[in-house]
Amino acid sequence: MNRTELVAAVAETAGTTKADADAVLSAFGDTLIDAVGKGEKVQIPGLLTVERVERAARTGRNPATGETLEIPAGFGVKVTAGSKLKGAVK
């Protein structure tokens, strides 16, 4: 399902216009990005949890040359499926 199909499905389910559903989806994405960027954990019970995680510095290897290099510490994003989402996949 792409964004256009998602917007249409949300609009139909909520009984609203596609423009309103698209605006809500955009606002949700922006809010999620802002919160996770600040280090906050975002939970939607039963659906998913999104959080920022720290990644330690480590030594890596360039696969083309075999040269070792240092990969600096940084942050990643961890997404965990909730119970309803896991149940839908079974």
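To be clear, the structure that these remarks concern was listed above.
Things to note about the packing of aromatic side chains
All chains considered together, the criterion is met by 0 aromatic pairs. If you follow arginine 52 out to its NZ or CZ, it ends over the ring of phenylalanine 75, 3.9 Å from the centre.

Some remarks on helix 2 (residues 18-37)
With 20 residues, helix 2 extends 28 Å between its outermost C-alpha atoms, agreeing within 8% with the 28 Å of an ideal straight helix rising 1.5 Å per residue. Those residues of helix 2 lying buried are Ala21, Ala35 and Val36. Taken around the axis of helix 2, the buried residues stretch over an arc of 90 degrees, which confines them to a single face. In helix 2, the exposed residues that point more than 90 degrees away from the buried face are Ala19 and Ile33. On its buried side, helix 2 packs onto helix 1 (3-14), strand 1 (42-44), strand 2 (48-55) and strand 5 (74-81).

Structural notes on a nonpolar patch on the surface
A surface patch of nonpolar side chains, about 290 Å² in accessible area, is lined by Met1, Leu6 and Val10. Mapped onto the elements of the fold, valine 10 is located in helix 1. In this structure valine 10 comes out as partly exposed when scored by relative accessible area, which is 37%.

Digging into the pairing of strand 4 (residues 68-71)
As judged from the 4 bridges shared by strand 3 (residues 58-61) and strand 4, these two strands associate in the antiparallel manner. Each bridged residue has a counterpart across the sheet, and for glycine 60 the counterpart in strand 4 is leucine 69. Connecting the antiparallel pair strand 3 and strand 4 is a turn made up of 6 residues, with glycine 66 showing a positive phi of about 80 degrees.

Things to note about the sheet that holds strand 2
With antiparallel pairing, the 3 strands of this open sheet are ordered in space as 1-2-5. With one partner strand each, in any of the chains shown, strand 1 and strand 5 form the two edges of the open sheet. Between one strand and the next, the sheet's axes are offset by a mean angle of 25 degrees, whatever the strand orientation. With 8 bridges joining them, strand 2 and strand 5 adopt antiparallel strand pairing.

Some thoughts on helix 1
Residue pairs spaced three or four apart in an α-helix point in one direction, given the helix's 3.6 residues per turn. End to end, helix 1 covers 16 Å across 12 residues, agreeing with the expected 16 Å (1.5 Å per residue, within 8%). Following helix 1 by one or two positions, glycine 15 has its phi on the positive side, about 70 degrees.

Cut-offs and rules
- Residues numbered from 1 in each chain as written.
- Predicted model: local features only at pLDDT ≥ 70, side-chain atom pairs only at ≥ 80, totals over all residues.
- Heavy atoms only, no water.
- Phe/Tyr/Trp six-rings, centres within 6.5 Å; stacked < 30°, edge-to-face > 60°.
- Lys NZ or Arg CZ within 6 Å of the ring centre and 35° of its normal.
- Helix = DSSP H or I, 4+ residues; strand = E, 2+ residues; numbered from the N terminus.
- Expected span 1.5 Å × (residues − 1).
- Buried < 20%, exposed > 50% of the residue type's maximum accessible area, 1.4 Å probe, protein only.
- Arc of directions from axis to C-beta.
- Contact = heavy atoms within 4.5 Å.
- Patch = residues over 30% accessible without salt bridge, like charges linked within 9 Å, V, L, I, M, F, W, Y side chains within 5 Å.
- Areas by Shrake-Rupley, 256 points an atom, 1.4 Å probe, with all protein chains shown as cover.
- Salt bridge = Lys/Arg side-chain N within 4 Å of Asp/Glu carboxyl O.
- Pairing = 2+ DSSP bridges.
- Axes fitted to C-alpha atoms, helices over the stretch in contact; angles between N-to-C directions.

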